[in-house]
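Listed here are the chains, written in short residue letters.
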Amino acid sequence: MNDVMEATREPATKAATDFDAIVIGAGVSGLYQLYRLRELGMTARVFEAGSNVGGTWYWNRYPGARFDSESWTYGYSFSQELLDEWNWEEHFAAQPETERYLNYVTDKFDLRRDIQFRTTVTAAHYQEAESCWKVTLHDGSQHTSRFLVTAVGVLSASVLPRIPGIDTFKGESFHTHNWPKAPVSFAGKRVAVIGTGATGIQAITEIAKTAGHLTVFQRTAQWSAPLHNSKVTPEEMADIRKNYADIFAKCQETVGCFIHAADPRSALEVTQEEREAFWEKRYGEPGFGIWMGNFRDVLMDREANKLMSDWLANKIRARVNDPAVADKLVPKNHGFGMRRVPLESGYFEVYNQPNVKLVDLLETPIESITPDGIRTTDVEYEFDMIIYATGFDAITGAFDQIDIRGVGGVSLKEKWADGPVTMLGILVDGFPNFMMVMGPHAGLGNFPRAVEYTSDWVTALIRHARDNGLTRVDATPAAAKDWTDHVIETNEGLLFTEVDSWMTGINRNLEGKQVRRVMRYSGGHPAFRQRCDAVAEGGYRELAVS
Ligand code: NA7
């Protein structure tokens, strides 16, 4: 089809495109966006690289992968029927349960027929004359749409470490994100895990149960705390179902959309006994309470943070038999909660097992991967399997993998070379009709809660465009600057901004990701929603439309 011809033949308000909207990704965000677009009566096509739905919960099938959010706070809230039907098996569901849930949602709402699987989007170019997007797929085929919604995830572009010889290893090797569907056996094998982030900690705990021998290569120790997962009993599920409205309302009130809200007290205004009793209680409770429900100043005040870190260090030491190993497991270069707190289920006790060894890469860095294993500065270890739990090109990585070009052929990757510029983390000036569900500058946290809100906002904007005969909606440069400045402001003074992590845009394995950047909104979800609501209620005055 000749798009230019079509566009000139059709009235301006009628889409002369293959679809009203194209959505990239069929994970938590993409599925919900498709549902909402359908509701508008729009034609939509979702392109998904995987062979099934789920996104994060499709790819990350490594042993031990599970929620750190309470399952019943993570599920979609939009359908009462769905809430009535679905029973969560565990308070923190493992990957297979979540994957089942997302498939159930897909089938219940008949979403599959608009999703094209095993399809990678390689380019998306805005067509100025036709006010539409032309999307190119891995096989060279092209499709056009008025609107382009990215639902590409925050942690979806996995990264292997830059270690010489990585391609020479003769045994099995996997990145945790690209884990095979067929079962992987560790029995009797000499297994290496590189990386001790949230993923590594989950995987190591599980693999240690069956591996012949497990060697963990740790560069940075983590302030990990207990998850306290358990089965959901039928009585608990009945109770949860009765209370869904309150649960979701509570999530809406907190900065991270979790059910855990910070304690209004300062860690410094209570006695040592009170402080420690409070931390002991949080340490004994399920979920992120210890991070998100701590004293209000623990993540902001150096002294409060130091007290918490020292307290938690003692917990780690008490759980590991060998004091020298315990010492290596206590973080030295950052305080508690400055990086994403991994929740664990017996992680520290793993190092008391005779089949597990911890290698501290600060003492003996890796020199190379060899055909037989891993060589550090002091010894060559032989392995049957190497597992890379080495993380992601976070937040902007999935965008960078697609050649996205706006007005005048401007590349999004180049526009963001010095850090993202967005309006509300949803729009980018110069990229009309382009909307991001959970792009950079979005608030992180309990993902689906933020996804539902953001996707509803995107849907309302698309409806507004349609109802008003607009073929082009774009953020103005001024509005994008305002929001970007505000995002930067919300990060000022927060201790996590002083630490290298994926949340500050650092990935030591990637060129161009060595400088800390403001990647996320830190003003909290309630404030984020207020800003978004104000734009919508004001009739989208901040946008340039035609
Ligand atoms: P993370 O949190 O980025 O962790 C990656 C880990 O891999 C981390 O321990 C890194 O050490 C380590 N790493 C990366 N490259 C190397 C090399 N070259 N050598 C040694 N160690 C290396 O990713 P995750 O997948 O664990 O978690 C991502 C998020 O997913 C998580 O926060 C949850 O929100 C879900 P470093 O810390 O850089 O020293």
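Residues numbered from 1 in each chain as written. Predicted model: local features only at pLDDT ≥ 70, side-chain atom pairs only at ≥ 80, totals over all residues. Heavy atoms only, no water.

K.L.:
When you look at the overall build of the chain in this model, what are you seeing that I'm missing?
P.N.:
The helix and strand inventory of the chain stands at 18 helices and 20 strands. Relative to a compact globule of 546 residues, whose C-alpha radius of gyration would be 24 Å, the chain shows 24 Å and is just as compact. For the chain, the spread of C-alpha atoms along the three principal axes comes to 75 × 55 × 45 Å. Taken over 546 residues, the chain has a buried fraction of 58%. Long-range pairs, those at least 24 residues apart, make up 72% of the contacts in the chain with a sequence separation of at least 6. Here the chain displays about 21900 Å² of accessible surface, and carbon together with sulfur accounts for 50% of that area. On the chain, the mean spot of the 57 positive side-chain charges and the mean spot of the 73 negative ones are 1 Å from each other. (Helix = DSSP H or I, 4+ residues; strand = E, 2+ residues; numbered from the N terminus. Rg over C-alpha atoms; globule rule 2.2 N^0.38 Å. Buried < 20%, exposed > 50% of the residue type's maximum accessible area, 1.4 Å probe, protein only. Contact = heavy atoms within 4.5 Å. Areas by Shrake-Rupley, 256 points an atom, 1.4 Å probe, with all protein chains shown as cover. Lys, Arg positive; Asp, Glu negative; His and termini not counted. Charge placed at Lys NZ, Arg CZ, Asp CG, Glu CD.)

K.L.:
What exactly am I supposed to notice about unusual backbone geometry here?
P.N.:
Unlike most non-glycine residues, His228 shows phi in positive territory, near 55°. Looking at where His228 falls in the secondary structure, it is placed in the loop between β10 (225-226) and α8 (234-242). We classify His228 as partly exposed; its relative accessible area is 35%. Positive phi values are uncommon outside glycine, yet His441 reaches one of about 75°.

K.L.:
Whenever I open this one, the side chain of Thr176 confuses me. Can you help?
P.N.:
Position of Thr176 relative to the elements: it lies in the loop between β7 (172-175) and β8 (190-194). Here Thr176 falls in the buried class, since its relative accessible area comes to 2%. Setting aside anything within four residues of it in sequence, one finds Thr176 in contact with Trp59, Asn60, Arg61, Tyr62, Thr199, Ile387, Tyr388 and Ala389.

K.L.:
It is not clear to me how the site of the ligand should be interpreted in this structure. Could you clarify?
P.N.:
Within the structure, the ligand sits among 20 residues, and Thr199, Arg219, Thr220, Arg339 and Asn509 are positioned closest to it. Take Ala198: an N or O atom from its main chain is 3.1 Å from an oxygen atom of the ligand. Protein coverage of the free-state accessible area of the ligand, which is 780 Å², stands at 84%. (Near = heavy atom within 4 Å. Polar contact = N/O pair within 3.5 Å; in protein donor to acceptor, adjacent residues only side chain to side chain.)

K.L.:
Hey, could you run me through the sheet that holds strand β12 (residues 356-360) in this one?
P.N.:
In sheet architecture, strand pairing relies on hydrogen bonds along the backbone and comes in two forms, parallel and antiparallel. Reading across from one edge, β7-β16-β8-β9-β12 is the order of the five strands in this open sheet, with parallel pairing throughout. The sheet is open, and its two borders are formed by β7 and β12, each paired with just one other strand. For this sheet, the mean angle separating the axes of adjacent strands, direction not counted, is 15°. Pairing analysis gives four bridges linking β8 to strand β16 (residues 385-388), with the strands arranged parallel. (Pairing = 2+ DSSP bridges. Axes fitted to C-alpha atoms, helices over the stretch in contact; angles between N-to-C directions.)

K.L.:
How do you make sense of the nonpolar core when you look at a structure like this?
P.N.:
Side chains of nonpolar character tend, in soluble globular proteins, to be buried together. In terms of nonpolar packing, the biggest core is built from 136 residues, with Tyr76, Trp88, Leu214, Tyr351, Met435 and Trp457 touching the most fellow members. A per-element tally of this core places helix α16 (residues 447-467) first, with nine residues. Sequence-distant contacts of Met435, that is, excluding residues within four places in its chain, are made with Phe147, Leu148, Val149, Thr150, Ile426, Leu427, Val458, Leu461, Ile462 and Val473. In this structure, Ile24, Phe47, Tyr126 and Val152 belong to the second largest nonpolar core, which totals 22 residues. (Core = buried A, V, L, I, M, F, W, Y, C linked by side-chain atoms within 4.5 Å.)

K.L.:
How should I be thinking about the pairing of strand β6 (residues 142-150) in this particular structure?
P.N.:
Every other side chain in a regular strand lies on the same face of the sheet, so the side chains alternate between the two faces. Summarising burial for β6: eight of the nine residues are buried, a large majority. As paired strands, strand β5 (residues 132-137) and β6 are joined by four bridges and run antiparallel to one another. Along β6, the bridge assignment pairs Val135 with His143. Connecting β5 to the next strand, β6, in antiparallel fashion are four residues, including Gly140 with a positive phi near 90°.

K.L.:
Could you clarify how one ought to interpret the packing of α16 against helix α18 (residues 525-537) in this entry?
P.N.:
In a pair of packed helices, the angle between the axes and the distance between the axes together describe the arrangement. Following both chains from N to C, one finds α16 and α18 inclined at 10°, their axes separated by 11 Å at the closest point. Overall, the two elements α16 and α18 adopt an arrangement that is roughly parallel. Here Ala450, Tyr453, Thr454 and Trp457 of α16 come into contact with α18, specifically with His525, Phe528, Arg529, Cys532, Asp533, Val535 and Ala536. Class assignment for the residues of the contact of α16 with α18 results in seven nonpolar, two polar and two charged. (Parallel < 35°, antiparallel > 145°, perpendicular 65-115°, else oblique. Nonpolar A, V, L, I, M, F, W, Y, C, P; charged D, E, K, R; others polar.)

K.L.:
I tried to follow helix α6 (residues 95-108) on my own but got confused; where do I start?
P.N.:
Each full turn of the α-helix corresponds to 3.6 residues, which orients residues three or four apart in the same direction. Taking 1.5 Å per residue as the helical rise, α6 with its 14 residues ought to reach 20 Å, and the 20 Å between its terminal C-alpha atoms agrees with that figure. Residues Gln95, Glu97, Thr98, Glu99, Tyr101, Leu102, Asn103, Val105 and Thr106 constitute the buried set of α6. Residue Asp110 follows α6 closely and has a positive phi angle near 50°. (Expected span 1.5 Å × (residues − 1).)

K.L.:
What should I look at first to understand the sheet that holds strand β14 (residues 373-376) in this one?
P.N.:
The strand order β13-β14-β15 describes an open sheet built from three strands, whose pairing is antiparallel. Since the sheet does not close on itself, it has two edges, and those belong to β13 (366-369) and β15 (380-382), each with one partner. Each strand of the sheet is rotated relative to its neighbour by a mean of 20°, with strand direction disregarded.

K.L.:
Please clarify how the pattern of salt bridges should be interpreted in this entry.
P.N.:
Going through the model one piece at a time under the given rule, you end up with 40 salt bridges. Taken together, the shared-partner salt bridges connect Arg36, Glu39 and Asp456 into one network. (Salt bridge = Lys/Arg side-chain N within 4 Å of Asp/Glu carboxyl O.)

K.L.:
Any chance you could explain the side chain of His334 here in plain terms?
P.N.:
Tracing the chain through its elements places His334 in the loop between α13 (323-329) and β11 (343-344). Here the side chain of His334 touches Asn333 through a polar contact of 2.7 Å, side chain to side chain.

K.L.:
Please explain the confidence of the model for the chain as it appears in this structure.
P.N.:
Where the model shows low pLDDT, its predicted coordinates should not be examined in detail. Taken over all residues, the pLDDT of the chain has a mean of 96, while the share at 70 or more is 97%. Within the chain, helix α1 (residues 3-9) has the poorest average pLDDT of any element, 34, and β8 the best, 99. Ignoring residues within four places in sequence, the model shows residues 1-15, a span with pLDDT below 50, making 19 contacts including any to other chains. (pLDDT = per-residue confidence, 0-100.)

K.L.:
Where do I start with the packing of aromatic side chains in this structure?
P.N.:
The description of an aromatic ring pair uses the distance of the two centres, along with the angle that the planes make with each other. Here the structure, examined in full by the defined rule, presents 39 aromatic pairs. Here the aromatic rings of Trp86 and Tyr101 are separated by 5.1 Å at their centres, their planes lie at 65°, and the arrangement is edge-to-face. Of this pair, Trp86 sits in the loop between α5 (80-85) and α6 while Tyr101 sits in helix α6, and the two are 15 residues apart along the sequence. Take Trp86: its relative accessible area is 12%, and that puts it in the buried class. With centroids separated by 4.8 Å and ring planes inclined at 40°, the aromatic side chains of Trp88 and Tyr101 adopt a geometry described as tilted. Here Trp88, found in the loop between α5 and α6, pairs with Tyr101, found in helix α6; they are 13 residues apart in sequence, far enough to count as distant. Exposure class is identical for Trp88 and Tyr101. Each is buried. A connected cluster of aromatic rings, assembled from ring pairs, spans Tyr32, Tyr35, Trp57, Phe67, Tyr74, Tyr76, Phe78, Trp86, Trp88, Tyr101, Tyr104 and Phe109. (Phe/Tyr/Trp six-rings, centres within 6.5 Å; stacked < 30°, edge-to-face > 60°.)

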